[in-house]
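Listed below are the residues making up each chain.
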Amino acid sequence: MSHHRAAIDADELASWLRLEQTAGVGAETARRLLAAFGLPASIFSTSFSALHKVVPERIAHALLAAPSDATLALIERTLEWLQQAGNRLLTLADAGYPQALLDISDPPLMLYVKGRAELLARPALAVVGSRNATAQGIANAERFAEILSQRGLTVISGLALGIDAAAHQGALRGAAGKAEAGSTIAVIGTGADIVYPARNRGLAHQIAEAGCIVSEYPLGMPGIAANFPRRNRIVSGLARGVLVVEAAAQSGSLITARMAAEQGRDVFAIPGSIHSPLAKGCHQLIKQGAKLVESAQDILEELRTFHTPAQANSEAGSADDETQAAVEAPVEATDDDQKLLRQLGYDPVSFDVLAARCSSDAASLNGRLLALELAGLIEVLPGGLYRRLD
């Protein structure tokens, strides 16, 4: 990293932000202008006739107009933000801009980075899934991310509630105190100075310290719905592959998986019960060719190119066992509990059906089910259905 510039020049920054903020100039038009004229400063010193050969008349006029007060205020705000430790702005022209994003069809013009920018160049896996995840989905996301991080993969997600947050937390735990571990990257859909959702503020601070937060949006950009699907191309673009932990049939996670496939990345999915709405998206991906995974080792074997042979051999024995321990809940259960779990089965079941199966009175069964729920061995679904988690 030492050969990269520590900070973007103030005049250069002003030119990049002015280009991005020019009315009518989207990422595609900006890249066309950059290809024709070079750096943004050159674009603004070009004649109207030359600009008009590349962009419509309206945009050519907008490029030659003086920057707006809002743009000047954004430039000042960004320069102040860059004075804070750990904050960087990487443009398409910066040597530190991640190569993986240069390979996608729509790379962001700029990346606002808070934290360890060097992680952007490391081997990574995206872990995504439902905001309304089940307890087992949360546990799987955390454990897979922890092991993958321990093995040197940086875990990328979107800082949303549910699976995203669990993946970040697991990756931070896996990287704790290990110099060669992967840590985590949060790709956000707001400005880098805003935490959304607010409930993840503490987690965001942890990621900024031990990992890295990335945004393509200017400072102050609020959480607009359209920004979140768009940022998913960065989540998948930075990664070697995408793991979908839990997803409903119409989940936004499937957008990330589709983008990953279009970008030539691997897509992995964890299967679930055929009765679970949150397994439908994963099963759909598997039908379409995603790799079914039951352990972190399944992923490591597919992505073994980032391992040294010594690492691969020494780790092959332990990772599978460790991940299976997460999927097969390691909570101790009594013989009676085990019998009840067998009677419960792996598909959701109502209280009345379960009472009939085990010939138990309601009060006794209620108490045993509550104990199993508190132990993390079962969960209660909408409609009062019970489902085994181990």
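Each remark here, short or long, concerns the structure printed above.
Residues numbered from 1 in each chain as written. Predicted model: local features only at pLDDT ≥ 70, side-chain atom pairs only at ≥ 80, totals over all residues. Heavy atoms only, no water.

(A) Spotlight on the overall build of the protein. For the protein, the count of helices and strands is 18 helices and eleven strands. In the protein, which comprises 390 residues, the proportion classed as buried is 51%. Total accessible area on the protein stands at roughly 17,400 Å², and carbon and sulfur atoms take up 53% of it. (Helix = DSSP H or I, 4+ residues; strand = E, 2+ residues; numbered from the N terminus. Buried < 20%, exposed > 50% of the residue type's maximum accessible area, 1.4 Å probe, protein only. Areas by Shrake-Rupley, 256 points an atom, 1.4 Å probe, with all protein chains shown as cover.)

(B) Region of interest: helix H11 (residues 227–237). With nine of eleven residues buried, H11 lies mostly within the body of the structure. Of all the positions in H11, only Asn227, Phe228, Arg231, Asn232, Arg233, Ile234, Val235, Ser236 and Gly237 are classed as buried.

(C) Local environment of unusual backbone geometry. Cis rather than trans, the peptide bond between Tyr196 and Pro197 has omega equal to -5 degrees. Tracing the chain through its elements places Pro197 in the loop between strand E5 (184–187) and helix H10 (201–210). Here Leu159, not a glycine, exhibits a phi torsion of approximately 65 degrees, which is positive. Tracing the backbone through its elements, the reader meets Leu159 in the loop between strand E4 (154–157) and helix H9 (163–175). Although it is not a glycine, Ser183 adopts a positive phi angle of roughly 65 degrees. Along the chain, the position of Ser183 falls in the loop between H9 and E5. Judged by relative accessible area, which is 1%, Ser183 ranks as buried.

(D) Broad picture of the packing of helix H1 (residues 10–21) against helix H6 (residues 69–82). Running from amino to carboxyl end, H1 crosses H6 at an angle of 135 degrees, the nearest separation of the two axes being 10 Å. It follows from the interaxial angle that H1 and H6 lie oblique. Seen along the crossing, H1 lies across H6 with a hand that is right-handed. The segment H1 lies against H6, with Ala10, Leu13, Ala14, Leu17, Arg18 and Gln21 engaging Thr71, Leu74, Ile75, Thr78, Leu79 and Leu82. When its residues are assigned to classes, the contact of H1 with H6 shows eight nonpolar, three polar and one charged. (Axes fitted to C-alpha atoms, helices over the stretch in contact; angles between N-to-C directions. Parallel < 35°, antiparallel > 145°, perpendicular 65-115°, else oblique. Left-handed = near helix turned anticlockwise from the far one by under 90°. Contact = heavy atoms within 4.5 Å. Nonpolar A, V, L, I, M, F, W, Y, C, P; charged D, E, K, R; others polar.)

(E) Broad picture of the sheet that holds E5. Strands sit in the order E1-E2-E6-E5-E4-E3-E7-E8-E9 across an open sheet of nine strands; the sheet is mixed. Single-partner strands in this sheet number two, and they are strand E1 (87–91) and strand E9 (291–292). Pairing geometry for E1 and strand E2 (residues 110–115), over five bridges, is antiparallel. Paired with Arg88 across the bridge in E2 is Val113. Across the sheet, H11 touches E2, strand E3 (124–128), E4, E5 and strand E7 (241–244), and the angle it forms with E5 is around 160 degrees. (Pairing = 2+ DSSP bridges.)

By themselves, these figures tell us nothing about what the structure is for.
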